[in-house]
Amino acid sequence: MMDATGRRLTCEGERATVRYVGPVPPTTGSWLGVEWDNPERGKHDGSHEGVRYFTCRHPSGGSFVRAKKTSFGVDYLTAVKQHYEAGLDEATGNEVTIATKTVKMVGFESIVEKQRVENLKEIVLTNCEVSGPGPENEIRENTPNAVSLDLSQNLLSSWETVAAITEQLEQLQILRLNHNRLSIISNPSSLTYAFSQLRVLSLNSCAVTWPQVLQCASMWPKIEELFLSDNEITELQRPVDVLQGLKVLDLSNNNLVQESLQQISNLSRLETLNLSSTGLSVIHFSDALPGNRVLVSAKSLEMQQINISSPELWDVINELDKLQALVQLSCKNNPLMELEDHETTRQLLIARISQLEKLDKSQVLQQERRGAELDYCKKFGRQWLHAGGHKDPDRNKPSAEFTAQHPRYLALIQKYGAPEEDELKEQKPFALKNQLLTVTFECPEDADRKPIQKKLPGSMIVQKVKGLLYRLLKLPGAEIHLTYTSSKMEGREIEINNDLKPLQFYSIEDGDRILVRWS
């Protein structure tokens, strides 16, 4: 049997890489020692009865299998023809029989023509056991128009193999290689010619590390979007002369080392960064070089399901302030959203991040922003006064410590005016409120809308309640009017007419109904 070491195969529906070919005493015949992509499929680490035949990353990632039970896959063009041309050769006419009736298929020939492989611009060969390019130049001759190619979950074994395919696709801009295991040659830049037009690359679940990404990055001189979810990326290092045109970077589901984010803060064109499920408890974007702005183009940040520790929450908000282009933020299932109740935390983030347009995929409306900023001024008004703040602009000199923690405060009181003494709130430590009111929202002028029951803190101001309703009822731009009814005053509707008052001001109690109308 020829040496298959390093090749990829499938066996009983699972993919693996060959690490050993040869005998395994006391059995007879030749075996393939394989490392499974899914380590739960294996039985050992490459050792058998005290003898090591190969090594695995995972202690149970290896097995021995007979070659007759495996498949080494097919070439690219065979997979294309099997996937796209099956049945088309028989479709030469434009009539088909359906339930014994002959039906003329208007435009059917044009549909068939578009499906011909030479016309394909988007080619999807997911899980088609592609292992190589096939005969020389046949890809160039048969699929010359491909702009997007998905080779996820296949049997590609190296970047050289991938390059042998992509070099023949001169218009290729989008490449997905998820769930492959690709070895790297010593000089990756020698393969640049094969990826010269590539803009989007997806390498999710490919078991790559960040040093390997940087090593390969010279192959992708025009890369703009890079997806690296669910890999073995831990500590980030600074990209030098590579990835500088990157606009989208997905690092989700990697166990990132704390404090390493600043290593990518020099990516000046990066617009979208996904840090969800990365295990981070600290978010720190500051560049180590004094005077440098960080991630100056970052417009969208995903940080869902990361466990930021409570003492760091204010630091995180201050770090977000540094992303001066940030307009979209997603932080669901994150302690950041539990500073107080969810709505109060939402308003806090809106007030702190002046340019924020969307929070957790919900639009920030103009009315919501105004209410959030006014409430912020009142919430921290006493701290501002105690830190040296004053209504007289000439005497308004709060401490550097206060300004560092509330960098927007001075701009907000210039916008709205300083809060009056009776409007100032006594700031309490952040904690999830224990006293919640169960209220039911009803829309009496829209019978198709079902009542919505919510638990809200009595301290929530009316403006925040309206912000919640804008999202729940999907009423962007509408003007909401609220009244409520109580079992203590049956038959009466009490108007809720001051957006800056809390629910408890109106003596709203547990079980009351709030009636929602809009114009």
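Residues numbered from 1 in each chain as written. Predicted model: local features only at pLDDT ≥ 70, side-chain atom pairs only at ≥ 80, totals over all residues. Heavy atoms only, no water.

Under an unreviewed UniProt entry, the name given to the chain is Tubulin-specific chaperone E, and the source organism is Electrophorus electricus. Per UniProt, the comment on the chain under Subunit (unreviewed entry) is "Supercomplex made of cofactors A to E. Cofactors A and D function by capturing and stabilizing tubulin in a quasi-native conformation. Cofactor E binds to the cofactor D-tubulin complex; interaction with cofactor C then causes the release of tubulin polypeptides that are committed to the native state." Regarding the chain, the relevant UniProt record gives this comment under Sequence similarities (unreviewed entry): "Belongs to the TBCE family." (UniProt positions renumbered as here; feature names shortened; annotations may be inferred.)

Colleague: Honestly, unusual backbone geometry in this entry has me stumped. Any pointers?
Modeller: Excluding glycine, a negative phi dihedral is what most residues carry, and trans is how most peptide bonds are arranged. Of note, the bond from Pro25 into Pro26 is cis; its omega dihedral lies within 30 degrees of zero at 5°. Following the sequence through the fold, Pro26 ends up in the loop between strand S2 (14-22) and strand S3 (31-36). Although it is not a glycine, Asn137 sits at a positive phi angle of roughly 70°. Here Asn137 lies in the loop between strand S12 (130-132) and helix H3 (138-142). The backbone of Asn253 sits at a positive phi, close to 60°, despite the residue not being glycine. Among the secondary structure elements, Asn253 is positioned in the loop between strand S17 (248-250) and strand S18 (272-274). For Asn253, a relative accessible area of 39% puts it in the partly exposed group. (Helix = DSSP H or I, 4+ residues; strand = E, 2+ residues; numbered from the N terminus. Buried < 20%, exposed > 50% of the residue type's maximum accessible area, 1.4 Å probe, protein only.)

Colleague: Quick question: what am I supposed to make of the nonpolar core here?
Modeller: Looking at soluble globular proteins, one finds that nonpolar side chains tend to be buried together. In this structure, Tyr76, Trp159, Phe195, Trp210, Trp220, Leu251 and Leu320 are the most contacted members of the largest nonpolar core, which totals 91 residues. Of all the secondary-structure elements, those providing two or more residues to this core are helix H1 (76-84), helix H4 (159-166), helix H5 (210-216), helix H6 (313-321), helix H7 (342-352), helix H8 (366-379) and helix H11 (409-416). Considering every element that reaches this core, the biggest residue donor is H1, with 5 residues. If you look at the next biggest cluster of nonpolar residues, it comprises 25 residues, including Val465, Leu482, Tyr506 and Val516. (Core = buried A, V, L, I, M, F, W, Y, C linked by side-chain atoms within 4.5 Å.)

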